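Listed below, chain by chain, are the residues.
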Amino acid sequence: MSAPIVVSAPGKALLAGGYLVLDPAYSGLVISVSSRFYTVIRDGAPSVRPNEIYVRSPQFIDATWKYTVTLENDDVLVSESPHSSSNRNRFVHCALQLTLKLVSEWNPKDLAYFLSRGLDIAAVADNDFYTQKHEPGEACPSIASLSGMPPFCPLNVTLSDVQKTGMGSSAALITSIVSALLLKFGVISKEGFARRDGSDRVLAHNTAQLVHCLAQGKVGSGFDVSAAVFGSHIYTRFDPKILAPLMDVTEDFSNFAHIPLRSVLDPSAAVGQDKPTWNSRVIPFQLPPLVRLVLADVAGGSSTPSLVRKVNEWRSKNAQDAKQLWTSIGLSNKSLVDSLRELSSLYSTDTEAYEAAVHGLTFLPPSEWAEVGTSGAQRAITQALYGVYQAGQATRILMRKMGENAGVDIEPPTQTELLNQSIAQAGVIAGGVPGAGGDDAIWVLVLESKDASEAPLHRVEQVWRDFKQRTVTPLLATQSMDIGARVEELAGIRGLERAITTEDYAKSPAKLL
């Protein structure tokens, strides 16, 4: 029996570029976060028959799916078994059908060999991807209490009943499954996958983008999959025409049994003069030192597709006004990114001055930073931090204007109040609603001074605890410093082996884990 293949992929937060990122003329700032989705692929147990794939999500009740793979000439057909315990899972089924078809174009012998032993696939997620419920009367969880929870908490609900926190769970799931399958069947190597811009990682990205688009039934911007694969970066979308021929195929995945995919997905495939290419741009990015990303799950909820549809409708009917607004938001977003990059440069130039400036500003609200009487290097650092604050506030105003024009709440009034209170705290730099906005999440950037007795993070948490209009729960996720999806060792991830091997894990009391 071969060693298990384990791949993790991070969630994301789009700090700048909501709606604009759908247009290749604009870019978005997407931060990959420390919370991850894990896929574990092992050879099938004795109960798994040849050419059978058993997929399970052990954190949920009745989350198991069985598939049979039929190989005939060049065709690869993945069929769901009627004995699956759950409703159909489009994302998993699509990932298996397309990835295995692609594998057959690379390594048909390896495909047949490994499938002859059957496969067991388990997918689990860090706690941050799902709303952590608490009993009536209990205090809302804090970052400290969440840190004490066991990893991969069982949720004791079905997959359809879970509440998500909006961190890109489907993109992280698809990326981890696709990458693990490509590694299992030898299409990509661990060494090649470890390189950020290597062809192996790009192939995993292209395949995950296609799977995600087909499973959702539309070609989105792709920033969530891109963050899951490449980590934090400034993202400019790919030309959707690259996937147009495949998106036109009927929803029945069996049609992909005989459709070649390598010519579309392989980054080294020949490019014809009239053939669209994978032309997305990924510019690596990291938040500056002593700046922490904090996310919160807000008990509200908005439908992203309906928000996007209404904004697009307004834009198409008001092209000139929309262009002016999009241009203004794009410039404001650029100012935010430029100021953050400048801070990283200033830290490298004079670390001592940078740390001193940050320490001083942790005791002042950002609205007062422009008046701070410093000089030299500390003055430049203070001005750059104030520039982040100004750009963040300007973008919020413009995004609210976009929502008003389209008749939707991109930053609803309750979110505005919550963000205003949060950003008014000493040591807080900026904040907003991630992605398409709505009523379900916020992000905040806070300063982290090593010497401050009362950290800005604690002040923000207090605001969230005291907020009456909504239940606001912080998430553990911070910025991930890794390149994105990565290969893991099963024994190296705390709690992972227990989660995928414990019978009826979904019903296990978390406190006993």
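That block above? That's the structure.
Figured I'd write up the structure that's included with this text.

**Description of the overall build of the chain**
Along its length, the chain carries 16 helices and 13 strands. At 23 Å, the chain has a C-alpha radius of gyration in line with the 24 Å of a compact globule built from 513 residues. Across its three principal directions, the C-alpha atoms of the chain cover 75 × 60 × 45 Å. Looking at the chain as a whole, 56% of its 513 residues qualify as buried. A fraction of 76% describes how many contacts in the chain between residues 6 or more apart in sequence connect residues 24 or more apart. When the accessible surface of the chain is split by element, carbon and sulfur atoms take 49% of a total near 21400 Å². For the chain, the separation between the mean place of its 46 positive charges and that of its 53 negative charges on side chains is 2 Å.

**Re the sheet that holds strand 9 (residues 291–298)**
A sheet is described by the order of its strands in space; here four strands give the open sequence 10-11-9-12, paired in antiparallel fashion. Every interior strand has two partners, whereas the edge strands, strand 10 (428–432) and strand 12 (472–474), have only one. Here the strands of the sheet are splayed against their neighbours by 25° on average, with no regard to which way each runs. Here strand 10 runs beside strand 11 (residues 441–447); their pairing, made up of four bridges, is antiparallel. Note on strand 11: the bridge partner recorded for Gly-431 is Val-444.

**So, the pattern of salt bridges**
Under the counting rule described, the total for this entry stands at 15 salt bridges. Note that Asp-43 is salt-bridged to Arg-117, the shortest N-O span being 3.5 Å. Placement of Asp-43 in strand 2 (residues 28–43) and of Arg-117 in the loop between helix 2 (108–115) and strand 6 (119–125) is noted, with a sequence separation of 74 residues between them. The exposure class of Arg-117 is partly exposed, given its relative accessible area of 26%. The partner of Asp-439 in a salt bridge is Arg-470, and the shortest N-O contact between them spans 2.6 Å. In this pair, Asp-439 is assigned in the loop between strand 10 and strand 11 and Arg-470 in the loop between helix 15 (456–466) and strand 12, connecting sequence segments 31 residues apart. For Arg-470, a relative accessible area of 27% corresponds to the partly exposed category. Ionic contacts of the salt-bridge type, sharing partners, join the residues Arg-36, Asp-482, Arg-486 and Glu-488 into one network.

**Observations concerning empty space enclosed by the protein**
Going through the model one piece at a time under the given rule, you end up with four cavities of 30 Å³ or more. Of the voids in this model, the largest cavity is the one considered here, and its volume is about 200 Å³. Those elements that provide at least two residues to the lining of the largest cavity are strand 1 (5–16), helix 11 (319–349), helix 13 (376–406) and strand 10. With four residues, the top contributor of residues to the lining of the largest cavity is helix 13.

**Looking at the side chain of Lys-101**
Assignment of secondary structure puts Lys-101 in helix 1 (residues 90–106). Of the buried charged residues, Lys-101 lacks a salt bridge, with Glu-105 as the closest side chain of opposite charge at 4.8 Å. Within the structure, Lys-101 has its side chain in polar contact with the backbone oxygen of Asp-74 (distance 2.7 Å). Once residues lying within four places of it in the same chain are set aside, the contact partners of Lys-101 are Asp-74, Asp-75, Val-76, Phe-256, Ala-257, His-258, Ile-259, Pro-260 and Leu-261.

**Quick notes on unusual backbone geometry**
Positioned with a positive phi, Tyr-19 is a non-glycine residue whose angle comes to about 70°. Within the fold, Tyr-19 resides in the loop between strand 1 and strand 2. One non-glycine residue, Asn-51, lies in the positive phi region at around 65°. Among the structural elements, Asn-51 can be located in the loop between strand 2 and strand 3 (52–56).

**Remarks on the packing of helix 12 (residues 351–361) against helix 13**
Axes are the key here: two packed helices are described by the angle between their axes and the distance separating the axes. Close contact between helix 12 and helix 13 brings their axes to 9 Å; oriented N to C, the two are set at 55°. When the axes of helix 12 and helix 13 are compared, the pair comes out oblique. By crossing handedness, the relation of helix 12 to helix 13 is classed as right-handed. From helix 12, Ala-353, Tyr-354, Ala-356, Ala-357, Val-358 and Leu-361 reach across to helix 13, where they touch Ala-377, Gln-378, Ile-381, Thr-382 and Leu-385.

**Comments concerning the environment of Pro-456**
Mapping Pro-456 onto the fold places it in helix 15. By relative accessible area, Pro-456 is classed as buried at 0%. Between the C-alpha atom of Pro-456 and that of Arg-88, which follows or precedes it by 368 residues, the distance is 45 Å. If we skip the residues at most four places from it in the chain, Pro-456 touches Thr-362, Ala-426, Gly-427, Val-428, Val-446 and Leu-447.

**Regarding the packing of helix 11 against helix 12**
It is at 5 Å that the axes of helix 11 and helix 12 come closest, and there the two elements cross at 125°. It follows that helix 11 is oblique to helix 12 by the angle criterion. Within the contact between the two elements, helix 11 uses Leu-343, Leu-346, Tyr-347 and Thr-349 and helix 12 uses Thr-351, Tyr-354 and Glu-355. Residue classes in the contact of helix 11 with helix 12 are distributed as four nonpolar, two polar and one charged.

About the cut-offs
- Residues numbered from 1 in each chain as written.
- Predicted model: local features only at pLDDT ≥ 70, side-chain atom pairs only at ≥ 80, totals over all residues.
- Heavy atoms only, no water.
- Helix = DSSP H or I, 4+ residues; strand = E, 2+ residues; numbered from the N terminus.
- Rg over C-alpha atoms; globule rule 2.2 N^0.38 Å.
- Buried < 20%, exposed > 50% of the residue type's maximum accessible area, 1.4 Å probe, protein only.
- Contact = heavy atoms within 4.5 Å.
- Areas by Shrake-Rupley, 256 points an atom, 1.4 Å probe, with all protein chains shown as cover.
- Lys, Arg positive; Asp, Glu negative; His and termini not counted.
- Charge placed at Lys NZ, Arg CZ, Asp CG, Glu CD.
- Pairing = 2+ DSSP bridges.
- Axes fitted to C-alpha atoms, helices over the stretch in contact; angles between N-to-C directions.
- Salt bridge = Lys/Arg side-chain N within 4 Å of Asp/Glu carboxyl O.
- 1 Å grid on protein atoms, 1.4 Å probe; cavity = no way out; pocket = protein on both sides within 12 Å on 5 of 7 lines; lining within 4 Å.
- Points joined across faces, edges and corners; volume = space filled by probe spheres on them.
- Polar contact = N/O pair within 3.5 Å; in protein donor to acceptor, adjacent residues only side chain to side chain.
- Parallel < 35°, antiparallel > 145°, perpendicular 65-115°, else oblique.
- Left-handed = near helix turned anticlockwise from the far one by under 90°.
- Nonpolar A, V, L, I, M, F, W, Y, C, P; charged D, E, K, R; others polar.

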